[in-house]
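Notes for the structure review
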Amino acid sequence: MSVEFDFEELKAADRLPSPPGVALAILQLVEQEDADLDELTRLVQADPALSARLLKFANSPLVAPVRPIVAVKEAVARIGMNGVRNLVLGLSLVGHYRTGKCDRFDYPRFWAGSLAQGVAAALLVKHGRIAAPEESFTMGLLADIGRLALATAWPEEYADCLRRAGGRNLTELERERFAIDHRALTGLLLHDWRLPTVFIEALQHSYKPPPQPTDRPARLAWVFALARQVRRWFLAEPEARPEIQAALEKPLQRALPELAIEEFLSQSEAEWHAWG
């Protein structure tokens, strides 16, 4: 199959992952200049599952609230309009794309790994006081959304691509088949969904983070690089975990020297299980 990639054409044909129902209404509301928290709260409350997830996030150690929150309005106020918008985007995609037509794409494993990245990224920025945990959680959750997009747009072709991958570089096969790879497509989707540019750029740089994370963009790049390694640790068989943990320890110390790796992995795993 030889294609010339056209992002706008795929969007117009509704072949890319997109937020459904209430989530789409929330995204559209927050884009309006006169949007207010009361209207946003009413939209969130229209979806009981979404309300429960926002309350769970607002009360989780990822945010570390001073006291428990029981009202959706208070959770919306604490997280903020943009934070709620981004969380709703990520969580709605998880709920809407748990299965699909690409028979070689492991949807449950994909989302389990994505959730691990989200949790790890949120805890890393919280400990390092680098950025808002809710934005980092969303970015970690959607860090590989391009893979889901390829599986959604071309389920049979992407299944064949995954079958052929074996020891080959998956991104090379994707570019040969689709004229784009999942990393580049992730960036296009995140820009289209208007996530913060600084996070998108940090995610792109995370595949080759700078040697010394001296400024905020570089530290964010390291956050996503580390979160990807944590994802590998979570999804690995027990006998493979020590090797991944050993490889994770040095970069973690470089990025966040005050954070003990055992404590971090323990916190991350607890939150991963709670959210999973």
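Please refer to the structure higher up on the page.
Quick caveat: nothing in here was measured; it's all calculated off a predicted structure. The residue numbers shown here count from 1 along each chain, following its written sequence. Totals for whole chains, interfaces and linings use every residue, but because this is a predicted model, local features are given only for residues with pLDDT of at least 70 and side-chain atom pairs only at 80 or more, for both listing and counting. Heavy atoms throughout the structure, all of them, feed into the side-chain values; hydrogens and water do not.

1. Comments concerning the overall build of the chain
Helix and strand labels come from DSSP, where a helix needs a run of H or I of at least four residues and a strand needs a run of E of at least two; each type is numbered from the N terminus. When helices and strands are counted, the chain shows 16 helices and zero strands. Our radius of gyration is a C-alpha quantity, and the globule rule it is checked against amounts to 2.2 Å times the number of residues to the power 0.38. Over its C-alpha trace the chain gives a radius of gyration of 19 Å, about what one expects of a compact globule, namely 19 Å for 276 residues. Principal-axis analysis of the C-alpha atoms gives the chain an extent of 55 × 45 × 35 Å. Categorising residues by exposure relies on relative accessible area from a 1.4 Å probe, with only protein chains included: less than 20% of the type maximum marks a residue as buried, more than 50% marks it as exposed, and the intermediate range marks it as partly exposed. Looking at the 276 residues of the chain, the share that counts as buried comes to 51%. Contacts: residue pairs with any heavy atoms within 4.5 Å of one another. Counting contacts in the chain only where the partners sit at least 6 residues apart, residues at least 24 apart contribute 64% of the total. A gap of 4 Å separates the mean positions of the 32 positive and 37 negative side-chain charges of the chain. Asp and Glu are treated as the negative residues and Lys and Arg as the positive ones, with His and the ends of the chain left uncounted. Charged groups are reduced to one reference atom each: NZ for lysine, CZ for arginine, CG for aspartic acid, CD for glutamic acid.

2. Let's talk about the packing of helix 7 (residues 107-128) against helix 16 (residues 261-275)
The angle between two axes is taken between their N-to-C directions and runs from 0 to 180 degrees, where each axis is a line fitted to C-alpha atoms and a helix contributes only its stretch in contact. Where helix 7 contacts helix 16, the axes come no closer than 9 Å and their chain directions differ by 135°. The orientation of helix 7 relative to helix 16 falls into the category oblique. As for the relative orientation of helix 7 and helix 16, their crossing is right-handed in sense. Residues Ala 112, Leu 115, Ala 116, Val 119, Ala 120, Leu 123, Leu 124 and His 127 of helix 7 pack against Phe 264, Gln 267, Ser 268, Glu 271, Trp 272 and Trp 275 of helix 16. Convention used here: angles under 35 degrees read as roughly parallel, angles over 145 as roughly antiparallel, angles from 65 to 115 as roughly perpendicular, and any remaining angle as oblique. For a crossing to be left-handed, the near helix must be turned anticlockwise from the far one by less than a right angle; the clockwise case is right-handed.

3. Considerations on the environment of Leu 189
On the secondary structure map, Leu 189 appears in helix 12 (residues 182-192). Relative accessible area serves as the criterion here: at 2%, Leu 189 is assigned to the buried category. Linking Leu 189 and Phe 7, residues 182 residues apart in sequence, is a C-alpha distance of 9.0 Å. Aside from chain neighbours lying at most four places away, what touches Leu 189 is Phe 7, Leu 16, Ile 145 and Ala 149.

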